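What follows is each chain in one-letter form.
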Amino acid sequence: MTEAPDDPIAFVFINEVAIIEHLTRTAAERALPAGLSLAGFVVLNHMIRMRHERRAPARIANAVQVTKGAMTGTLKRLEASGWISVTPDPDDGRGKVVMLTPEGRAIRETALKVLTPEFAPVQRAVSDDEMRLALPILQKVRAALDAARD
């Protein structure tokens, strides 16, 4: 890639990350199993990755950076497919909690299987060792951006 010579390195770095995000989002949207949107996959993946057994919809919305209204729509579609359950919060009668179902875990695993071939070009171009070296830097960038939003 060629950048303008005066562009700050932070911009060039973030721009590369943004382009990668766009390319992977487009590939994922094409490959996901029928009925599973990228927004739905993000919710299922978040719940599993963070090991949340129960989570308030507002907390999920905040974590994945969408409005409560957008999250409500995503959760309704996931629930209609049987991939999550949304029930009253036993600790707060006014709230609700989201829980993954076994079917939700299974569709996430299916999604990972169909997404894996989409990333084959990356695996051919970048070794596992190189990815492991880059990961701490990316995690540090994510943590800094995440802290700045709160």
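Residues numbered from 1 in each chain as written. Predicted model: local features only at pLDDT ≥ 70, side-chain atom pairs only at ≥ 80, totals over all residues. Heavy atoms only, no water.

On to the side chain of histidine 52, then. For histidine 52, the location among the structural elements is in the loop between helix H2 (38–49) and helix H3 (57–64). Those residues in contact with histidine 52 that sit more than four places away from it in its chain are His46 and Met47. (Helix = DSSP H or I, 4+ residues; strand = E, 2+ residues; numbered from the N terminus. Contact = heavy atoms within 4.5 Å.)

Running from N to C, H3 and helix H4 (residues 68–80) cross one another at 110°; their axes reach a closest spacing of 9 Å. When the interaxial angle is binned, H3 and H4 end up roughly perpendicular. Remark: the crossing between H3 and H4 carries right-handed chirality. Each of Pro57, Ala58, Ile60, Ala61 and Val64 in H3 lies in contact with H4, whose residues at this interface are Lys68, Met71 and Leu75. Its residues assigned to classes, the contact of H3 with H4 shows 7 nonpolar, no polar and 1 charged. (Axes fitted to C-alpha atoms, helices over the stretch in contact; angles between N-to-C directions. Parallel < 35°, antiparallel > 145°, perpendicular 65-115°, else oblique. Left-handed = near helix turned anticlockwise from the far one by under 90°. Nonpolar A, V, L, I, M, F, W, Y, C, P; charged D, E, K, R; others polar.)

Between helix H1 (residues 9–31) and helix H7 (residues 128–149), whose axes approach to 13 Å, the crossing angle comes to 100°. The angle between H1 and H7 falls in the class roughly perpendicular. Two secondary-structure elements touch here, H1 through Phe13, Ile14 and Val17 and H7 through Ile137, Leu138, Val141 and Leu145. In terms of residue class, the contact of H1 with H7 is built from 7 nonpolar, no polar and no charged.

Summarising the sheet, strand E1 (residues 84–89) and strand E2 (residues 92–100) pair through 6 bridges and their orientation is antiparallel. Note that in E2 the partner of valine 86 across the bridge is valine 98. Between the end of E1 and the start of E2, which pair antiparallel, lie 2 residues. (Pairing = 2+ DSSP bridges.)

Okay, the pattern of salt bridges next. Scanning the entire structure with this criterion turns up 8 salt bridges. Ionic pairing is found between arginine 25 and glutamate 21, a salt bridge with its closest N-O pair at 2.6 Å. Here glutamate 21 and arginine 25 lie together in helix H1, a separation of 4 residues that amounts to about one turn. Of the charged contacts in the structure, one is a salt bridge between glutamate 53 and arginine 105, with a shortest N-O distance of 3.6 Å. With glutamate 53 in the loop between H2 and H3 and arginine 105 in helix H5 (residues 102–115), this pair connects stretches of sequence that are 52 residues apart. The class for arginine 105 is partly exposed, based on a relative accessible area of 34%. (Salt bridge = Lys/Arg side-chain N within 4 Å of Asp/Glu carboxyl O. Buried < 20%, exposed > 50% of the residue type's maximum accessible area, 1.4 Å probe, protein only.)

This part takes up a nonpolar patch on the surface. On the surface, Phe13, Ile14, Val17, Ile137, Leu138 and Leu145 cluster together into a nonpolar patch covering about 500 Å² of accessible area. If you list the elements that add at least two residues to the nonpolar patch, you get H1 and H7. You can call isoleucine 137 partly exposed: its relative accessible area is 48%. (Patch = residues over 30% accessible without salt bridge, like charges linked within 9 Å, V, L, I, M, F, W, Y side chains within 5 Å. Areas by Shrake-Rupley, 256 points an atom, 1.4 Å probe, with all protein chains shown as cover.)

Below, the discussion takes up H2. Side chains that are three or four residues apart share a direction in an α-helix, a result of its 3.6 residues per turn. Taking 1.5 Å of rise per residue, 12 residues should cover 16 Å, and H2 covers 16 Å from first to last C-alpha, within 8% of that figure. Of all 12 residues in H2, 9 are buried; the element is thus mostly enclosed. On its buried face, H2 sits against H1, H3, H4, E1, E2 and H5. Phi turns positive, to about 60°, at arginine 51, one or two residues after H2. (Expected span 1.5 Å × (residues − 1).)

It is worth spelling out the environment of isoleucine 60 at this point. Examined against the element boundaries, isoleucine 60 turns out to sit in helix H3. A sequence separation of 38 residues divides isoleucine 60 from valine 98, and the C-alpha atoms of the two residues are 8.9 Å apart. When near neighbours in sequence (up to four residues on either side) are disregarded, isoleucine 60 contacts Val43, His46, Met47, Arg55, Met71 and Val98.

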